[in-house]
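Analysis of the macromolecular model
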Amino acid sequence: MTDGVILYHNPRCSKSRASLELLGEQGVEPKIIKYLDTPLDPRSIKKLLKLLGLSDPRALMRTHETEYKDNNLADESLTVDQLIQAIVDYPKLMERPIVVNNGQAAIGRPPENILAIL
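Before going further, it helps to examine the sheet that holds strand β4 (residues 104-107). Taking strand neighbours across the sheet as the criterion, the four strands line up as β2-β1-β3-β4 in an open arrangement whose pairing is mixed. On the outer flanks of this sheet lie β2 (31-33) and β4, each paired with one strand and no other. Strand-to-strand twist in this sheet, taken as the mean axis angle between neighbours without regard to direction, amounts to 20°. Sheet topology places strand β1 (residues 6-8) next to strand β3 (residues 98-101); three bridges connect them, and they run antiparallel. Residue pairing across strands places I6 opposite V100, the latter belonging to β3.

On to the side chain of R62. Mapped onto the elements, R62 comes out in the loop between α2 (42-52) and α3 (66-70). Classification of R62 by relative accessible area gives buried; the value is 9%. Among the polar contacts made by the side chain of R62, one reaches the side chain of E95 at a distance of 3.3 Å. Not counting residues within four places of it along the chain, the set of residues in contact with R62 comprises Y68, K92, L93, M94, E95, R96 and R109.

Thresholds applied
Residues numbered from 1 in each chain as written. Predicted model: local features only at pLDDT ≥ 70, side-chain atom pairs only at ≥ 80, totals over all residues. Heavy atoms only, no water. Pairing = 2+ DSSP bridges. Helix = DSSP H or I, 4+ residues; strand = E, 2+ residues; numbered from the N terminus. Axes fitted to C-alpha atoms, helices over the stretch in contact; angles between N-to-C directions. Buried < 20%, exposed > 50% of the residue type's maximum accessible area, 1.4 Å probe, protein only. Polar contact = N/O pair within 3.5 Å; in protein donor to acceptor, adjacent residues only side chain to side chain. Contact = heavy atoms within 4.5 Å.

Here you go:
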């Protein structure tokens, strides 16, 4: 149905698995990027933020993770670049799953969110 759909996927995450299943039900076979195995670079994270319409990288972060707390990432004095670098250094912090299609992106929480960009 759709070419070029990308799924930033964590196979251990139930929402990520559900999003992959939902894509399959829609006839979409996405390119799967296991971002924990192949962490994104700062440029890719900036692109995702732009596609998601997010200006604050914290909106893309899982703030309850130990790495978030241990690195004091709630500190308001941190710059956008410092926060993006934290996602690079600790890919587990990135919210998941993320689906990209035709210049748009959606976070699959809940998985049905991704239907809006297919």
